[in-house]
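Summary of structural features
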Amino acid sequence: MEIQRLLMILGSVALIISVFDSHPTFGSSNMRGPFGFVNGGDNGLTNAAAPSEMCATCVTIRGYKCQEYEVTTDDGYILGVQRIPEGRVGGGGQNRHRQPVLLQHGVLVDGVTWLMNSAEQSLPMILADSGFDVWIANTRGTRYSLRHLNLDPKDPDYWNWSWDDLVVHDLPTVVNLVYKQTGQKIHFVGHSLGTLIALASLSEGRQTDKIKSAALLSPIAYLSHMTTALGVITARSFIGEISTMFGLAEFNPSSEPVSNFVKALCTQPGINCFDFLTAVTGKNCCLNASTIDFFLKNEPQPTSTKNFVHLGQTVRDGMIRKFDYGTNKNLAHYGEAKPPEYNLGNIPRDLPLFISYGGQDALSDSKDVETLLDHLKFHDVGKLHVQYVKEFAHADFIIGTTAKDIVFNKIVTFFKNQQ
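Residues numbered from 1 in each chain as written. Predicted model: local features only at pLDDT ≥ 70, side-chain atom pairs only at ≥ 80, totals over all residues. Heavy atoms only, no water.

**Points about the packing of helix H4 (residues 163-182) against helix H5 (residues 193-203)**
Two elements in contact, H4 and H5, have axes separated by 9 Å at closest approach and are oriented at 70°. Considering their axes alone, H4 and H5 lie roughly perpendicular with respect to each other. Every pair of crossing elements has a handedness; the one defined by H4 and H5 is right-handed. Here Trp163, Leu166, Val167 and Leu171 of H4 lie close against H5, whose contacting residues are Leu193, Leu196, Ile197, Ala198, Ala200 and Ser201. Along the lines of polarity and charge, the residues of the contact of H4 with H5 split into 9 nonpolar, 1 polar and no charged. (Axes fitted to C-alpha atoms, helices over the stretch in contact; angles between N-to-C directions. Helix = DSSP H or I, 4+ residues; strand = E, 2+ residues; numbered from the N terminus. Parallel < 35°, antiparallel > 145°, perpendicular 65-115°, else oblique. Left-handed = near helix turned anticlockwise from the far one by under 90°. Contact = heavy atoms within 4.5 Å. Nonpolar A, V, L, I, M, F, W, Y, C, P; charged D, E, K, R; others polar.)

**A word on the packing of aromatic side chains**
Following the criterion strictly, the structure yields 12 aromatic pairs and no others. When the centroid spacing of 4.8 Å and the interplanar angle of 70° are considered together, the rings of Tyr158 and Trp159 count as edge-to-face. Trp159 carries the same exposure label as Tyr158, and that label is buried. Centroid distance Phe354 to Phe414: 5.7 Å. Interplanar angle 40°. Geometry classified as tilted. On the criterion of sequence distance, the pair formed by Phe354 in strand E10 (residues 353-358) and Phe414 in helix H15 (residues 403-416) is long-range, its members being 60 residues apart. (Phe/Tyr/Trp six-rings, centres within 6.5 Å; stacked < 30°, edge-to-face > 60°. Buried < 20%, exposed > 50% of the residue type's maximum accessible area, 1.4 Å probe, protein only.)

**Some remarks on the environment of Gln313**
Note on placement: Gln313 falls in helix H11 (residues 305-317). By relative accessible area, Gln313 is classed as buried at 7%. When the C-alpha positions of Gln313 and Phe323 are compared, they lie 7.8 Å apart, and in sequence the two are 10 residues distant. Setting aside chain neighbours within four positions, we find Gln313 in contact with Lys322, Phe323 and Asp324.

**Focus: H4**
If you check H4, its first and last C-alpha atoms are 27 Å apart, about what 20 residues at 1.5 Å a residue would give, namely 28 Å. Bending of H4 peaks at approximately 30° at the position of Asp170, with proline Pro172 no more than four residues after it. Taken across its 20 residues, H4 has 15 buried, putting it largely inside the fold. Just downstream of H4, Gly183 is the residue with a positive phi angle, here 70°. (Expected span 1.5 Å × (residues − 1). Bend = angle between axes of the 7 residues up to and from the residue.)

**Let's talk about the pairing of E10**
Extensive coverage of E10 is indicated by the burial of 6 of its 6 residues. With 4 bridges connecting them, strand E7 (residues 211-217) and E10 associate as parallel partners. Paired with Leu217 across the bridge in E10 is Ser356. Inspection of the sheet shows E10 paired to strand E11 (residues 384-389) by 6 bridges, in the parallel sense. Looking across to E11, one finds that Leu353 is bridged to Leu384. For the crossover that starts at E10, traverses helix H13 (residues 366-375) and ends in the parallel E11, the hand is right-handed. (Pairing = 2+ DSSP bridges. Right-handed = clockwise from strand over helix to strand, strands pointing away.)

**What about unusual backbone geometry?**
A positive phi angle is found at Gln207, which is not glycine, with a value near 65°. Positionally, Gln207 belongs in the loop between H5 and E7. Since its relative accessible area comes to 10%, Gln207 is described here as buried. We note that Ser218 has phi near 50°; this positive angle belongs to a residue other than glycine. You can see Ser218 is positioned in the loop between E7 and helix H6 (229-236). Judged by its relative accessible area of 0%, Ser218 is buried.

Dropping the structure here:
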């Protein structure tokens, strides 16, 4: 039984990591790691990017102004934030009091994920050209937010965090930065894990005095019906055992130690090693080859193994709770045997929300979104806007070629209606 259990553990991790190995667009460049991604440094460790790199490579090259900020959380993580203060000449006017919009990415990616399409198809540029002041967040542990005041990313303690910490530390830090710089309440856009962070934060009354409205794309509050490879990992909840057995505090799909360990398991029955995006996100309808290639050159980004453990607990429990340390540690940490629940019914009912989800999404399954909507059923009339896109999967909402016409333009209208 223990051997069977171990094989299930290894197979679960292989399911998300090994799908990269055989994708036809990976190519054979010597710069690429074992699963087709560009190597990030010694032993696969992601190197901290130069502060101006994202602006230079993704924004100013397209004719937009871009500013780089660094802000430190109260637990010592130094986060990189990019700002597109206005549109290109002739786009959106020159209003000095543009409403700020903060974009928060999901797990295993960073802020670049918003900028992978052309300027005409990328949400940050569309918002800037529509008269908004756009800010892009980067979660701790990703290349633009890799530094810490005291810890090195090679130190396991650096990775001792879950999405609870993004709720308590990262999101408030970035929101406060934008609020102080602009003096205005903020429109928020989250995708995937970015939506969970926002929902949990708002349910505890955090940032409600600074958030003007929120657009949630592919929300993953409840996760019981995920069918993606990532969902299989979290549902089996074996990541924690692997971190204990092999010291994997950092979950980096591009790292050589991790990829070498699971590469041979790609042939295990039921594991699809061919199409990464479909295996992880569902059958996306509207991605082009150049965007996929750009994605493979820039992602995935690392996260903490503890973060995956927490997501796994969410799948297993069918509830949105703080991290479960076990009864004894919970008593010490929370003063109760079970971790406290995030009650989404506590989200202010007058806060304007726009929720968009897809019928093909393997991460944000329609049934789980319906559960979320049920928790928001007492939201004020006219304050909750819901869009269902039958043909969209998880990645279509960010890098789909039709996202502008189907989703992004509606976000712009939604935000403008809140002015």
